[in-house]
Amino acid sequence: MSQDFTSETALALDQQDELRAFRSRFLIPPLQGKESVYLCGNSLGLQPKTTAASIQQELDDWAKLGVEGHVHGRRPWLSYHEQFAAPLARLTGALPEEVVAMNGLTVNLHILMISFYRPTAQRYRIICEEKAFPSDSYALQSQALLHGLQPADVIHEIKPRVGQAHLEEEDILEAIRAEGDALALVMIGGVNYYTGQVFDMERITRETHAVGAIAGFDLAHAIGNIELNLHAWNVDFAAWCSYKYLNSGPGSVAGIYIHEKHASNPDTFRLAGWWGHDKASRFKMEPEFVPIPTAESWQMSNAPVLSMAALKASLDIFDEAGMDRLVAKSRKLTAYLHKLLEELQQMPLHQGLFSIITPKQRGCQLSLLFHRDGKKAFDYLFAHGVIADWREPDVIRIAPAPLYNSYTDAFQFAHILSQFNV
Ligand SMILES: *Cc1c(COP(=O)(O)O)cnc(C)c1O
C-alpha cells in the first residue's frame, strides 16, 4: 500500500479542496448509523438543504395568492421557467434562447425526435450505441414504428470491440460515413450511463453533418458532470434529466437544448401547445399557433413550478460553485479514486476480482466489472455504509460527485472494498 492509501492523505486532499464547503449544503443520507459514503449521484443526486425552502416559498405564495401567484408571486409562475435559461445555458454551453426546462427526459426525447427524426424513403437510419439506457432504446424503436418502419431496419447499434466494454470512437465515425445518405439521425449519450465513457460530441456532430444528418445527444449523465459546449459544437439537439448530477429530486423537471438555427426557424416542425406560443399574444387565445422563436416554443404546457423550485435551489449552487471548478475537482477526485482502486487490484486477495471498464475519456463515474462475487462485494459495501449502484449481472458503478463528495469518501470506498474478504 502506498502513502496515498491512507485516511491522512485523503484528509489532506480534502483540506486543500477549495470546494469542500459545498458538502455541508447537502443532506447526506445516514446508513448503518452514520453518514453514508454516497457515491450514487449519477442515479439520484443529493438534496440541497435549500430545496425545502424554495418549494415552500411557492406553496406559501399559492396559499396567500391563489391564481394571482401567476403574476404577483415573488417569482411569478407565468414566467417561472425563464429564470433557468441563463443557468442551463451556462451548464450546457448554449445560448439562453437554446435551452428550456420542461417535462421528463424520455418525453423530451420523443418531442425532439418528432422535430428532428423525419425519415424519408432514402434517409431513415438512426445510429445509437449498444447498451444505450433502455428507455432511449425503447424511444428509438417506437419512433421507427411511428413512421411505419421496422426498428431492425432503422436502428444501427454501435457495438464495443471484442473484449472491450467501451466503444471506439473511430467505430462510431466509421459507421456514420458508411451510412452516408441513408443516415437520418445520430442519437447517443454524451456520457454512456453504463461505462461512464464520454463521447467526443463535437467530432461526432461534425461527421454527422458531413453526411447531411442530424446529431442529438442524451445528456442524462453529462449535464453537471462534464464540460459541455453544445452551441460551439454545433449540436442540433439534446435532452437531459435534472435528478442525477443536477440534484433536483426524483423525477424533477428535465430540459432540452435546440440549436438556434433550428429554434428560430419557423419551418422547424414542433408539436404545439399554448406555452410555446408568442408570449405577447398568448392570452388573446387566438386559433393560429405563433411559435416563440426560441427553444421555449417546444414547451406545450405551463411550467411545473413545484418541481422547478427544486431545480432553482440546485442551479443556484451550481452557479456558485462554477462548472470550471467542479470539472477541475472532478478530474482530481476521480483520478485519486482510480489510483486507489489500481492499488487494490494488486493486493493478493483482490487480484482478478474486478476490472475498471471506464475508459480514459470519462467524467466522474467509474464502473467496476466484477469477475467474481460482485453482488457479494456490493452487499458488503452497503453493510459498511456505502451507497453505490449495482447493475446486473456484475457491475458496480460509483460516481464521486465533486459538489458534495470528498477525497475521504473515495478513500472510504477503496478501504472498505479492500477489507472485503473474498
Ligand atoms: C436516467 C436516464 C433516463 C431516465 O429517463 P426518464 O425519462 O428521466 O425516466 C433515460 N436515459 C438515460 C440515458 C438515462 O441515463
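Described below are features of the structure shown in this document.

Conventions adopted
Residues numbered from 1 in each chain as written. Predicted model: local features only at pLDDT ≥ 70, side-chain atom pairs only at ≥ 80, totals over all residues. Heavy atoms only, no water. Phe/Tyr/Trp six-rings, centres within 6.5 Å; stacked < 30°, edge-to-face > 60°. Helix = DSSP H or I, 4+ residues; strand = E, 2+ residues; numbered from the N terminus. Buried < 20%, exposed > 50% of the residue type's maximum accessible area, 1.4 Å probe, protein only. Lys NZ or Arg CZ within 6 Å of the ring centre and 35° of its normal. Pairing = 2+ DSSP bridges. Right-handed = clockwise from strand over helix to strand, strands pointing away. Axes fitted to C-alpha atoms, helices over the stretch in contact; angles between N-to-C directions.

Things to note about the packing of aromatic side chains
Enumeration over the complete set of coordinates arrives at 14 aromatic pairs. Ring plane angle 55 degrees and centroid distance 5.1 Å describe the contact between Phe26 and Tyr404, whose orientation is recorded as tilted. Pair noted here: Phe26 is in strand β1 (residues 26-27) and Tyr404 is in the loop between β17 (395-398) and α15 (407-419), with a separation of 378 residues, a long-range link. Since its relative accessible area comes to 3%, Phe26 is described here as buried. Where Trp274 meets Trp275, the ring centres are 4.6 Å apart and the plane angle is 65 degrees; that geometry is what we call edge-to-face. The exposure class of Trp275 is buried, given its relative accessible area of 2%. Among the aromatic residues, ring-to-ring pairing joins Phe116, Phe237 and Trp298 into one connected group. Geometry around Phe133 places Lys244 over its ring, the cationic atom sitting 5.0 Å from the centre.

Some points on the pairing of strand β10 (residues 214-218)
Burial of β10 is extensive: five of the five residues sit out of reach of the surface. Side chains Ile214, Gly216 and Asp218 project from β10 onto one buried face, and the interleaved Ala215 and Phe217 project onto a second face that is buried too. When strand β9 (residues 183-189) meets β10, the two strands line up parallel, connected through five bridges. Directly across from Ile188, in β10, lies its bridge partner Phe217. Chirality of the crossover, the property in question, places the unit of β9, helix α9 (residues 201-210) and β10 among those that are right-handed. Relative to strand β11 (residues 237-240), β10 is paired through three bridges, and the arrangement is parallel. The partner of Gly216 across the bridge, within β11, is Phe237.

Some thoughts on the sheet that holds strand β13 (residues 354-356)
Across the sheet, four strands lie side by side as β13-β14-β17-β16; this open sheet has antiparallel pairing. Pairing within the sheet leaves two strands with one partner each, and these edge strands are β13 and β16 (389-391). Taken pair by pair, the neighbouring strands of this sheet meet at an average axis angle of 25 degrees, ignoring direction. Pairing geometry for strand β14 (residues 366-370) and β17, over four bridges, is antiparallel. Residue Leu366 lies in a different strand from β17, and its bridge partner there is Ile398.

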